[in-house]
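A closer look at the structure
So the chains spell out like this:
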Amino acid sequence: MSENAKSFAQIFQEIQQVFPDAGEAYVRRILDNIINEISIERNLKKKETPINSVDGQMFYDLSVLGPAKIFRVDFMNDDGDYVLIPRLLDGEFIRKWDIT
Amino acid sequence: MASSITRPDNKLSWFISGDRLAVATKSSGSWAAINETVTDGILVHYYGEPDPIPYDQPEQYPDIHPALHSALVDYVKGKLFLDRAGQFAQVPETAAVYLSLSREHMRVWKNMVNRRLPSLTTKIAGPRFMVPLPINSR
């Protein structure tokens with residue numbers, strides 16, 4: 001971690017110098033909210049998660065990921081390596097009219 | 001277990017439909033579901049929510065770029081000064097002082113996020129040049 005980094009304890013200590021009566025839970029909630037908001041807005045937190053592919057299933061539920069912007073999908077090849085697969089930009093149209 | 005597909009990039013495509021990911025393959029002119037059951041066969045990359053600060057580990061660092069850690073102090077102070085201004089709403093002079101302090105801390109936060117964060121988080125630096133094509137390829 002770089003020298004600019006501050007742990008939650010250090011941040012809370014700095015805040016308590018100005019607001020000695022500040023509650024830890026309240027400060028923690030403010031921090032969690034703004035970190036979530038700024039990370040989603042600015043695309044700061046990259047994550048990846050594996051999903052089991054199922055024979056005959058086209059759609060996979062992503063609601064467990066929470067607010068997520070998918071930017072890449074890989075599929076495992078016969079060597080066990082993940083290979084980038086292309087995105088269909090007109091997926092909605094295909095879903096309605098062209099799916100067997 | 002690996003799949004039986006050698007080149008998934010030639011055979012499969014994905015798209016998003018609402019809260020669902022679709023992985024499809026072209027089958028006799030139409031898009032169809034894949035015929036593969038593979039554990040962890042699909043790897044989804046996404047921008048998501050950072051991990052919250054664990055309650056039992058206050059020494060943990062917030063899950064955000066370290067350049068923003070100092071500015072987080074300003075953001076929280078700005079919020080707390082705003083709360084205090086609200087508590088002193090009956091005393092306008094005092095409330096005005098707290099409001100201006102709140103604005104100052106929020107200004108520092110916004111300055112960090114809008115101006116400095118993009119340059120701090122990128123790994124690319126230096127001037128960019130247009131490289132002309134070699135003469136024999138024109």
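Here, every reference points to the structure presented above.
Only a predicted model underlies this, so the values are computations on that prediction, with no experimental measurement involved.

Section: the overall build of chain B
Looking only at helices and strands, chain B features three helices and four strands. For chain B, the sequential pattern of α-helices and β-strands runs α-β-β-β-β-α-α. Taking 2.2 N^0.38 as the reference for a compact globule, 138 residues should give roughly 14 Å; the C-alpha atoms of chain B span a radius of gyration of 26 Å, well beyond that estimate. The dimensions of chain B, computed from C-alpha atoms along their principal axes, are 75 × 50 × 30 Å. Counting only residues that meet the buried cut, chain B has 28% of its 138 residues in that class. Taking all contacts inside chain B whose residues are at least 6 apart in sequence as the whole, residues at least 24 apart take part in 42%.

Some remarks on the interface of chain A and chain B
Each side of the interface is counted separately: chain A has 76 residues, and chain B has 63 residues. Those elements that place two or more of their residues in the side of chain A that touches chain B are α1 (8-18), α2 (24-42), β1 (46-53), β2 (59-61), β3 (69-76), β4 (82-85) and α3 (91-97) of chain A. Residues belonging to the side of chain A that touches chain B are distributed by class as follows: 40 nonpolar, 17 polar and 19 charged. Judged from the seven bridges that link them, β1(A) and strand β4 (residues 38-47) of chain B form a sheet pairing that is antiparallel. Among the inter-strand pairings, Lys47(A) is bridged to a residue of β4(B), identified as Tyr46(B).

Brief notes about α2(A)
Residue and element names in this part refer to chain A. Counted at 1.5 Å a residue, the expected span for α2 with its 19 residues is 27 Å, and the 27 Å between its end C-alpha atoms agrees. Residues Leu31, Ile34, Ile35, Ile38 and Ser39 constitute the buried set of α2. For α2, the angular spread of the buried residues around the axis is 125°, confining them to a single face. Those residues of α2 that are exposed and aimed more than 90 degrees away from the buried face are Ala25, Arg29, Glu37 and Glu41.

A short note on the pairing of β4(A)
Residue and element names in this part refer to chain A. In this sheet, β4 lies alongside β3 in antiparallel orientation, the contact comprising four bridges. Bridging from a neighbouring strand, Val73 pairs with Ile85 of β4. The antiparallel hairpin formed by β3 and β4 contains five residues in its connecting segment, where Gly80 sits at a positive phi of about 85°.

Topic: the sheet that holds β3(A)
Pairing is antiparallel across the open sheet formed by four strands, whose spatial order is β1(A)-β4(B)-β3(A)-β4(A). Every other strand in the sheet has two partners, leaving β1 and β4 of chain A as the edge strands with one partner each. Shown here is a sheet whose adjacent strand axes are inclined to one another by a mean of 35°, direction ignored.

Considering the environment of Leu62(A)
Mapped onto the fold, Leu62(A) is located in the loop between β2 and β3. The spacing of Leu62(A) and Ser7(A) is 55 residues in sequence and 32 Å in space, taken between C-alpha atoms. Residues in contact with Leu62(A), not counting those within four places in the same chain, are Ala68(A), Asp19(B), Arg20(B) and Leu21(B).

Calculation criteria
- Residue positions are counted from 1 within each chain, in the order its sequence is given.
- Lettering of chains starts at A and numbering of ligands starts at 1, both following the order in which they are written.
- Given that this is a predicted model, residues contribute local features only at a pLDDT of at least 70 and side-chain atom pairs are listed and counted only at 80 or more, while totals for whole chains, interfaces and linings are drawn from all residues.
- Put simply, DSSP H or I for four residues or longer makes a helix, DSSP E for two residues or longer makes a strand, and each gets a number counted from the N terminus.
- What the globule rule says is 2.2 Å times the number of residues to the power 0.38, and the radius of gyration is computed from C-alpha atoms.
- The exposure label follows from counting other C-beta atoms within 10 Å of a residue's C-beta, where the C-beta atoms are placed from the backbone and the thresholds are 20 or more for buried and 12 or fewer for exposed, leaving partly exposed in between.
- Contact between two residues is assigned when their C-beta atoms, built from the backbone, lie within 7 Å.
- Polar here means any residue outside two lists: the nonpolar Ala, Val, Leu, Ile, Met, Phe, Trp, Tyr, Cys and Pro, and the charged Asp, Glu, Lys and Arg; Gly therefore counts as polar.
- A pair of strands is labelled paired if DSSP reports no fewer than 2 bridges between them.
- Expected span of a helix, by definition, is 1.5 Å for each gap between consecutive residues, and there is one gap fewer than residues.
- Summarising the geometry, the arc corresponds to the directions from the helix axis toward the C-beta atoms.
- To get an axis, a line is fitted to the C-alpha atoms, and for a helix only the part in contact is used. The angle between two axes follows their N-to-C directions and goes from 0 to 180 degrees.

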